[in-house]
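One-letter residues, chain by chain:
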Amino acid sequence: MPKSQVRRDQFGGLLRTLRLERRLTQEELAEAAGSSVRGIREMERGRVRSPQRRTVVLLADALRLAGADRDRFVALARVERQPHDRAEVPDDRVEVPGDRLPDDRPAVVVPGELPAAVPDLAGRAEILERLSTLAADVTAGRPDTASVVVLHGPPGIGKTSLAVAAGHRLSPAFAGGQLFVDLQGASPDGPLDPAEALAGLLRSLGVPDSRVPVSPAERGGLFRTLTRDRPLLVVLDNAASEAQVRPLLPAGRGCLALVTCRRPLTGLAGAVRLPLDLLAPAAARLLLAAIVGADRIDAEPAAADQLVKLCGRLPLAVRIAGNRLASRPQWSVGWLVDLLRDQRQRLTVLTAGDLGVRSAFEVSYRQLDPMAARVFRRASLIPGTDFEPALVAAVAGTGEETAAAALEELVEAGVLLTVGDRYQFHDLVRLYAQERLDAEEQQACRAGAHDQMVGWLLRRTREAGLMFEPVACRVDSPFDDDAAAAYWLDRESGNWLAALRDAARRGRHADVVAVTRALHWYSDANSHRHSWDEIFSLGAAAARAAGSPRDEAVLLNFLGWARYFCRDRNTDGLAALARALELARRIGDRREEAWALTYTAAILIRTGRGGSAIDNCRRAVGLFREIGYALGEHSAASALGGALAALGRFSEAAELHREVLAFYVQGNGLSRTGAAVARAGAMMSLGADLAGMGRWRNAADEYARARRVFNRCGATFSEATAVHRYGLALQALGEADAAAEALRAALAMYAALSCPWWEAQTLSALAELAGSAPGRAADARLLRQRALDRCGELDAPEVRSLRATLRRELAES
């Protein structure tokens, strides 16, 4: 037997003896040394000619060798890395380019370097299936098939776990082996140098240390040569950049590279990018059950759902929570939920061993430049779920362009999410950002940033609201028109409403009054989109605290309108309007007195007291006329028409409503949206008059016209009311199918706006249609029951009347 073979057997025999002495299986030794089971087996059999020095050192560590034993072990491995006779080299070696040292060509090694896969991967079946399809296309040599896949997403989303699981699943298709490299892109010590990574890859492919080129370019060339005709799967984990990844991509058409990165690596040409989302709630529960045990999770379903929510459906957080429960069988799921409810401790609780949510975020944060880090910290002060660059610029104290660039860097770093053209934190990342803000900025700086943000939001909200005022009342504004202002108010509602609450708590009465007054005309077109009863209540309280009875009267009138029109709380609305009326008369404000009378009349009409409403309306018309306020005069005239219609005087009402419609058609200084909504409101009133006269077709036409206008203005509640009345008109005309279609459309809009009283009325109308159709008695009963449920706890004469009717019909059916 040749001497080199004896030495090789001596090393393999020693490795096997040491392993058995320590009662380790090949699998356990492989895992401890970060090697593959196959590699251990081949070394023990003497078939691996050139064990890498790094591998030998790791094996010595795993075997806990020291002193002379360690020296002998390493020395035997070093002997095997010496050149051998050509006759001893197997015939199936891979040729290393070059014409020197032909006898030192590497033996074929089939690497299997994938780490152990987690056994409980959840919620990634769709991506795994897509990767399987892609791998099949690659190995089949189909043209135009991407050979690089980038799995990207924020810290803790499970990129590595997915890549490893996919690697194990796909490995049978890649007979040339599987390579795995941790590129340390998120390491505090900096990313792995591509040249060093290439050297490791070459050694894994059987190239001895002595044959690894010194030049990075030559290493890359050799790697591409060795992979050109070899079906390899290469997992490049935790990449930092495109420049780090490009030299490590295999050249063969039958090769596939899976790259994980927090960034999408948009500079990698031809790559398929698969973003990883948060786990669906059901998938997160499955992961918990796999770690903890299904019995414990099923025993506390509500607590399990809350646990998933508190973990933000982030796989790392869910896994840590599961590990903590698994290691503490005496804990209930509810106990851990209680620990996590404390936001100040949540990130600390979400730590188990060397796994931690905070540490995952820390790595990305420490790599940010100073401005991006400042924006990251300060953005945690923003109260809403999402935000725009202009708001971030205000809180960070920088320009909008600078803020926008920093936000994009944060997205690239994986610590900020995008929703369309807006940005948002994951809940746990926001907590981390708040921690960094508290730790790195003084209280005075934090308070100053918060006040800048609140002040900016209040100013911008007031400017947006004033765009809906009559033209003569408008101020210079950053908005081009009322449509742009409405768009901003809708998108930023979570932020400006929080700023308004904050200002009210801190006694900024003048600001609260100014903002809430400015929002009045906007609220007309967006009656059910925001919490107007809360908003105008804050305004009225601020005016009272500031000692301004005139502002208080104005805002009490707005509050009364919000309570009856937006919340169907007629009694509460009357109470607010009575206070407004008393204040207005006390200070001699005829305009606010007239508005209080007009709004009160609207509630009286609603509650079946049309006679009393007529007196209020006529007094309001007179007051508005006295002060020369034509807009108020026609609003009161419209209410008067409604009162006349309530008393059955439809012709008089229709005449009044035609005059009002003509007034609004002229615009009379209203904003574009305001004039359109007012015109459509007059059409609705005229339609009701025509319906009262039995002219159902004409009424349906008016409702249809109004609906189109409301739709263009985005006035969803008013549009739903128009569709509802259109359906009732069609029902009266005997067009049952078209009527049901319209009523169902109205019901969907009411439900989206959470308007239970209007849902109940629409369901009752649908029940009446179903009850008149043959064979639909069961449907009618179900619709009546739903209508009764939607009446709920509402307490008003019209609600009590409908509730009694529904109960009687259900009893009779």
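Keep in mind it's a predicted model, so treat the numbers as computed, not measured.

Examining the overall build of the protein
Now for step 1: Along the backbone of the protein there are 40 helices and 9 strands.
Now for step 2: Oriented by its inertia axes, the alpha-carbon framework of the protein measures out at about 120 × 70 × 55 Å.
Now for step 3: For the protein, with 813 residues in total, the buried portion stands at 53%.
Now for step 4: Here the analysis covers contacts within the protein between residues at least 6 apart in sequence; of these, 66% occur between residues at least 24 apart.

Some thoughts on the pairing of strand E3 (residues 233-239)
Two faces belong to every sheet, and in a regular strand the side chains alternate between them.
Now for step 1: A large share of E3 lies buried, amounting to 6 of its 7 residues.
Now for step 2: Pairing of strand E2 (residues 178-182) with E3, which is carried by 5 bridges, proceeds in the parallel orientation. Paired with Leu179 across the strands is Val234, a residue of E3.
Now for step 3: Pairing of E3 with strand E4 (residues 256-261), which is carried by 5 bridges, proceeds in the parallel orientation. Its bridge partner being in E4, Val235 is matched across the sheet by Leu258.

So, helix H28 (residues 549-566)
Now for step 1: With 18 residues, H28 extends 25 Å from end C-alpha to end C-alpha; this agrees with the ideal 26 Å at 1.5 Å per step.
Now for step 2: Asp568, located one to two residues past H28, shows a positive phi value of around 55 degrees.

As for the environment of Glu652
Now for step 1: For Glu652, the location among the structural elements is in helix H33 (residues 650-665).
Now for step 2: When the C-alpha positions of Glu652 and Leu179 are compared, they lie 87 Å apart, and in sequence the two are 473 residues distant.

A closer look at helix H9 (residues 216-227)
Now for step 1: Compared with an ideal rise of 1.5 Å per residue, which puts 12 residues at 16 Å, H9 spans 17 Å between its outermost C-alpha atoms and is within 8% of the ideal.
Now for step 2: Along H9, the residues classified as buried are Arg219, Gly220, Leu222, Phe223, Leu226 and Thr227. All buried residues of H9 fall inside an arc of 165 degrees around its axis, so they share one side.
Now for step 3: Residues of H9 that are buried make contact with E2 and helix H8 (194-204).
Now for step 4: Taking the backbone nitrogen of Ala217 as reference, a side-chain oxygen 3.2 Å away marks Ser215 as the first, capping residue of H9.

Brief notes about the nonpolar core
Now for step 1: Within the largest apolar cluster, 193 residues are counted, with the highest numbers of intra-cluster contacts made by Leu256, Leu307, Phe376 and Phe387.
Now for step 2: If one sorts the elements of this core by residue count, helix H34 (residues 672-692) sits on top with 11 residues.
Now for step 3: Discounting chain neighbours no more than four positions away, the residues touching Phe387 are Ala379, Ile382, Val392, Leu407, Leu416, Arg422, Tyr423, Gln424, Phe425 and Asn495.
Now for step 4: Formed by 32 residues, the second largest nonpolar core is a distinct cluster that contains Phe717, Ala740, Ala760 and Ala780.

Thoughts on the confidence of the model for the protein
Now for step 1: Across the protein, the average pLDDT comes to 89, with 94% of residues at 70 or higher.
Now for step 2: Low confidence marks residues 1-9, where pLDDT is under 50. Its contacts with residues over four positions away, or in another chain, come to 15 contacts.
Now for step 3: Low confidence marks residues 82-106, where pLDDT is under 50. Its contacts with residues over four positions away, or in another chain, come to 43 contacts.

Section: the packing of aromatic side chains
Now for step 1: Throughout the structure, instances matching the rule amount to 23 aromatic pairs.
Now for step 2: For the ring pair Phe717 and Trp758, a centre distance of 5.7 Å and an interplane angle of 80 degrees mean the geometry is edge-to-face. One end of the pair, Phe717, is in helix H36 (residues 716-732); the other, Trp758, is in helix H38 (residues 756-771), with 41 residues separating them in the sequence. Residues Phe717 and Trp758 agree in their burial class; the two are buried.
Now for step 3: Looking at Arg328, its charged tip hangs above the ring of Trp331, at a distance of 5.0 Å from the centre.

Here we look at the pattern of salt bridges
Now for step 1: With the rule as written, the count across this model stands at 50 salt bridges.
Now for step 2: Across the pair Arg460 and Glu463 runs a salt bridge, and its minimum N-O distance is 3.5 Å. Of this pair, Arg460 and Glu463 are both found in helix H22 (residues 443-466), 3 residues apart, which corresponds to roughly one turn of the helix.
Now for step 3: Accessibility expressed as a relative area gives 23% for Glu463, which makes it partly exposed.
Now for step 4: Salt bridges sharing common partners tie together Glu362, Arg366, Arg377, Arg378, Arg436, Glu440 and Glu441.

Details of the sheet that holds E2
Now for step 1: The strand order across the open sheet built from 5 strands is E2-E3-E4-E1-E5, with neighbouring strands paired in parallel fashion. At either end of the open sheet lies a strand with only one pairing partner, and these are E2 and strand E5 (272-275). Within this sheet the neighbouring strands show an average axis-to-axis angle of 15 degrees, counted without direction.
Now for step 2: Across the face of the sheet, helix H6 (residues 125-139) comes into contact with strand E1 (148-152), E4 and E5 while running at roughly 165 degrees to E5.

Digging into the packing of helix H11 (residues 281-292) against helix H14 (residues 315-327)
Now for step 1: Interhelical geometry of H11 versus H14 gives an angle of 30 degrees and a closest axis separation of 8 Å. By the angle between their axes, H11 is roughly parallel relative to H14. Where H11 crosses over H14, the handedness of that crossing is right-handed. Together, Ala284, Leu287, Leu288, Ile291 and Val292 of H11 and Pro315, Val318, Arg319, Gly322, Asn323, Leu325 and Ala326 of H14 make up the contact between the two elements.
Now for step 2: For the contact of H11 with H14, the class distribution of residues is 9 nonpolar, 2 polar and 1 charged.

Some remarks on the environment of Ala518
Now for step 1: By the element assignment, Ala518 lies in helix H25 (residues 509-518).
Now for step 2: Taking the C-alpha atoms as reference points, Ala518 and Ala125, 393 residues apart in sequence, are found 52 Å from one another.
Now for step 3: Excluding residues within four positions of it along the chain, Ala518 makes contact with Arg462, Gly465, Leu466 and Glu469.

Calculation rules
Residues numbered from 1 in each chain as written. Predicted model: local features only at pLDDT ≥ 70, side-chain atom pairs only at ≥ 80, totals over all residues. Heavy atoms only, no water. Helix = DSSP H or I, 4+ residues; strand = E, 2+ residues; numbered from the N terminus. Buried < 20%, exposed > 50% of the residue type's maximum accessible area, 1.4 Å probe, protein only. Contact = heavy atoms within 4.5 Å. Pairing = 2+ DSSP bridges. Expected span 1.5 Å × (residues − 1). Arc of directions from axis to C-beta. Polar contact = N/O pair within 3.5 Å; in protein donor to acceptor, adjacent residues only side chain to side chain. Core = buried A, V, L, I, M, F, W, Y, C linked by side-chain atoms within 4.5 Å. pLDDT = per-residue confidence, 0-100. Phe/Tyr/Trp six-rings, centres within 6.5 Å; stacked < 30°, edge-to-face > 60°. Lys NZ or Arg CZ within 6 Å of the ring centre and 35° of its normal. Salt bridge = Lys/Arg side-chain N within 4 Å of Asp/Glu carboxyl O. Axes fitted to C-alpha atoms, helices over the stretch in contact; angles between N-to-C directions. Parallel < 35°, antiparallel > 145°, perpendicular 65-115°, else oblique. Left-handed = near helix turned anticlockwise from the far one by under 90°. Nonpolar A, V, L, I, M, F, W, Y, C, P; charged D, E, K, R; others polar.

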